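Below, each chain spelled out in residue letters.
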Amino acid sequence: MRRAFPDVIQTTAGGYLAAVEPDNVDLHRFRGLVARAEAADDPAEAVVLWDKALGCWRGNPFSGTGSEHLWYAVSQPLLEERWAARTAWAQCAFSLHRYSEIITRLTPLVREDPLRERLQYYLIAALYRSGQRAAALTAFQETREYLAEELGVDPSPEVMELHQQILRDTESGPGRLAGAIDLSRVAEPVASPPAADPAERPRDFVPRNDLPRDIPDFTGRERDLERLLALGKRDEGRAEIAVITGPGGAGKTTLAVHGAHRLAECFPDGQLFIDLYGYTVEQDPITAVSALGSLLRAIGVQPDTIPESVEERAALWRASLAGRRVLIVLDNAANFAQISPLLAAAPGSLTIVTSRQDLPGVSGAQYIALGMLGPESSLRLFSTVLGEDRVAHEEAEAREVVRLCGGLPLALRIVAGRMLSRPRWTFQHVKLRLGEHQRMFRELRIDGQSVEAVFELSYQSLNDEQREAFLHLGVMIGGTVDLHGAAALLDRDPPEADDLLQELVSVCLFDEPSVDVYRFHDLLGAYAREKAATDLPEGEAAAARRRLADHYLDMANRAADMLGPRGHHFEVDSQKSSRYQSRLANRTEATTWFERHQDNLASAVDFYAASGLDDEAWQLADSLWRHYANHGQTELLLSTQEKALAASRAKGNERGSAATLIGLGIAHCLSGRFQHALGLLNEARDILAAIDDERGQARVYSSLSVVYDRMGRFHDALSCAWKVFEYAVSVGDRALEGLQRANIAAMYQVLGDYDKAVEFCESALKIKHEEGQYETSAQVLRILGEVNTQQDNLERAFSYLSEALKLAQLIGSQRDEIYIRNAMAVALRRKGDIEAAIESHLLALDMGEETGQHSADAEILTELGATYAEAGRFEEARQAQESALDLARKREERHVEGRALMRMGTLPPEVVDRERAIEFLAASAELFSGLGAPEAQQAHDALQAAV
């Protein structure tokens, strides 16, 4: 023993002593935690301490020794201490409504020792309070039979009284059980920063100019430009549409952008530009739903208010443009289906569409079809760029160059740009070079004319550094790259990369659609990829793509840290990539970076997955999920998580599989597939438990709480939130603790335990102020207002709700504002100001329609129906409740469904006949009982009165 434990085993007068600190002995740690738990004023902290104390136990003390003296003198008293701790934990957990955990933990314990009547009481009560009435009665019957057989006695008076309460189907009242805990409460509202009066707030619409830079030497499309300008200046009281069609490289985008710049003054409410990637190699066209998301955000719609479906987004887009003069350029459209939802309907707006398709389905549009430039127009282009003297000096040779270029504006501009940067080049020299390198560009042909010779000419005229840069850019991941991404791809410092990029832009081999964001024209991109495949050294293309992907992973990891708490943290080896980083100072910049690169980031996940880099694939996907979720990019969220999951499973990567299963669960929850989301999240939880990842498990429980809340399973939601709270307390994560206190408060409110809701709201606000975080404060203040409304403390309720509204408007949270206005309406109804209440309800509904936030519609409608009923407007009340019921059933919002059913059943018989009313009330009573909701008794009483 001494050799095994040096300096620990000591000799004493009575034998031997292990000299260790008390905290290293389970019994001392257990008793210390028990003392702290008994002294704790906060039941939330106490239950964590009781849990830790019980965690010190492993089996029975001194088992296997066979010593009766040890059993009676030591072991049995110790076991009684454990039973006392179990009972204290159950009492504390019951006071906090943690019924699901009580059932799970006490069921095997009471079977181990059925004579523990106090634990039997908590088990039966928890079964009843969680909606399992039949199971509670069964547990009671088993207890009574066992006591009768073993001792010949009945259960204790408390258990018998509980049995009678269950038979009467009344609330069991946990006050006696939790009475030993003195809960402190803070009643005064917490001040928040002042906000402007709602009437003075500016509207969300943001005028902006997103047009790419204009070409100063535009030429060759004068007649087409005149038609476009005439259409833009026409005022016939309707939305105008111009569709510019033609082959790739014909100058469609150039014409659209030049015309848009000329018309900008006619459209003071904004000029928007979006590339739909209809004909970009290795880049899928942007879907209509994604394009609408980008356009809505561009005009100032908050990301969390953008609806998910394309129909709702299109409706919000059209409504947002009503009464405004806006010019929109939809570049590179793939087909009619892609652009149809994007077309503005507001009179005075102009939409310019460019496409290689004819798009015959666009009714009422003016079509401008572009072909190849004729010889004279092509020569004028050369003259404009190079000067008339230079063209006139070699007119015949210049015409031959035009012929070799096939009249393609892109090819002509490349040649002109190359000659401009090479003053010594003559048209004769260019003609010879084109003749030397002309060969079939098999993938891209225009009227039998190949443009590869033009690209080859430009490529051969580059110096060695420029050629190397061009080839590396040809293997980029995604359709665009910013300066720092290009630096990673080129393996150069950003200033060096910037010089090379600008040199390529100046000769029209690279486009810069916005500052420090670059892309290839689709024809040039195809050429660059083909050239890179043959000219780059073996392995260099893969190495360059890996550098770019690692840059995206590094940046995404840092940006994700600014968006909110994360369940999985990982370190990125940035020894090399750090030189390519761009600085992100705050949440806004992080969101902007994600939005700019969101498609490229999805492509980077594809690259990692296809390359068998499973760790990188799941880490990047995990960094992306919150941005995709907050911005309604459900398709990208699903695709990235699915591909990362496949890569992780292929390599047996358990942590990666669990993280992506959580992301998939979130995606399916956002899409309304709650059962599927539960299956994925539970699978993730099992994996994380097996690998002992506590933070990951906390993340799972946080996500499960959200799903259960949406399903109306509030006790399960509360139980999951408690698990996250316990973890936050145990690791000292104050920010996470504050967030969970707010979530727990919301659950207590809906379960009717208003004292607990107030207690947790106040503690959440305190932590938020300590941490300097205010994102959930509006929600917490709303809950305090609603609780005081239910308790008829109306003056205090209005104070809280007013503060909540100011804060929501200050931080621009329209979702919070909708819920707050509905809560104000309920308070006004309690006050008796019915007309003001109805107005507030309707304003909340209107805001939901304007912003595309429909998650609160069913709840608002059922409260509006109740207010109509209070006013004696029973027919309107019935219509509102029917609408609420229909919405709640479609969305599987069971709690709201129960409220609508109950309120329909209590309407006068002239509006809802007695037989239907009884059906409604019976259905609501059954639904509430199944959910364990506090309204169960109210519905039951209403049903008895109706019968």
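Because the structure is a prediction, the values reported are computed rather than measured.

Another aspect to go through is the environment of Ser-639. By the secondary structure assignment, Ser-639 is in helix α27 (residues 634-650). A polar side-chain atom of Ser-639 sits 3.2 Å from the main-chain carbonyl oxygen of Leu-636.

With 201 residues, the main nonpolar core has Phe-382, Leu-473, Phe-510 and Trp-722 as its most contacted residues. With residues up to four places along the chain from it excluded, the contact list for Trp-722 reads Ala-44, Val-47, Leu-96, Arg-98, Glu-101, Ile-744, Tyr-748 and Phe-760. Ranked by size, the runner-up nonpolar core spans 33 residues in total, among them Ile-241, Leu-316, Leu-321 and Ile-328.

Quick look at helix α28 (residues 654-670) now. Between its first and last C-alpha, α28 extends 24 Å over 17 residues, near the 24 Å set by a 1.5 Å rise per residue. The buried fraction of α28 is high, at 14 of 17 residues. Here α28 starts with a cap whose side-chain oxygen sits 3.4 Å from the backbone nitrogen of Arg-655, and that cap is Asn-653.

Its identity as a non-glycine residue notwithstanding, Asp-692 has a phi of 60°, on the positive side. Along the chain, Asp-692 turns up in the loop between α29 (674-690) and α30 (694-711). Owing to a relative accessible area of 59%, Asp-692 belongs among the exposed residues under this scheme. We note that Asp-792 has phi near 60°; this positive angle belongs to a residue other than glycine. Its place among the elements puts Asp-792 in the loop between α34 (777-790) and α35 (794-811).

With that out of the way, let us pick up the packing of helix α40 (residues 894-905) against helix α42 (residues 935-946). Axis separation between α40 and α42 bottoms out at 11 Å; the angle between their running directions is 25°. In terms of orientation, α40 and α42 fall into the roughly parallel class. The hand of the α40/α42 crossing is left-handed. For the pair formed by α40 and α42, the contact residues are His-895, Arg-899 and Met-902 on the first element and Glu-935, Gln-938 and Ala-939 on the second. Looking at the contact of α40 with α42 residue by residue, the class counts come to two nonpolar, two polar and two charged.

Looking now at the sheet that holds strand β3 (residues 240-245). Taken together, the five strands give an open sheet; going across it, the order is β4-β5-β6-β3-β7, and neighbouring strands pair in parallel fashion. Edge positions in the sheet fall to β4 (271-275) and β7 (366-369), since each has one partner strand and no second. Going across the sheet, the axis of each strand differs from the next one's by a mean of 15°, ignoring polarity. Two strands pair when backbone bridges link them, and β4 and strand β5 (residues 327-333) are joined in this way by five bridges, in the parallel orientation. Bridge pairing links Ile-274 to Leu-330 in β5. Across the sheet, helix α9 (residues 222-233) touches β3, β6 (350-355) and β7, and the angle it forms with β7 is around 160°. The sheet contacts of helix α10 (residues 252-263) involve β3, β4, β5, β6 and β7, and relative to β6 the element is tilted by about 165°.

Basis of the calculations
Residues numbered from 1 in each chain as written. Predicted model: local features only at pLDDT ≥ 70, side-chain atom pairs only at ≥ 80, totals over all residues. Heavy atoms only, no water. Helix = DSSP H or I, 4+ residues; strand = E, 2+ residues; numbered from the N terminus. Polar contact = N/O pair within 3.5 Å; in protein donor to acceptor, adjacent residues only side chain to side chain. Core = buried A, V, L, I, M, F, W, Y, C linked by side-chain atoms within 4.5 Å. Buried < 20%, exposed > 50% of the residue type's maximum accessible area, 1.4 Å probe, protein only. Contact = heavy atoms within 4.5 Å. Expected span 1.5 Å × (residues − 1). Axes fitted to C-alpha atoms, helices over the stretch in contact; angles between N-to-C directions. Parallel < 35°, antiparallel > 145°, perpendicular 65-115°, else oblique. Left-handed = near helix turned anticlockwise from the far one by under 90°. Nonpolar A, V, L, I, M, F, W, Y, C, P; charged D, E, K, R; others polar. Pairing = 2+ DSSP bridges.

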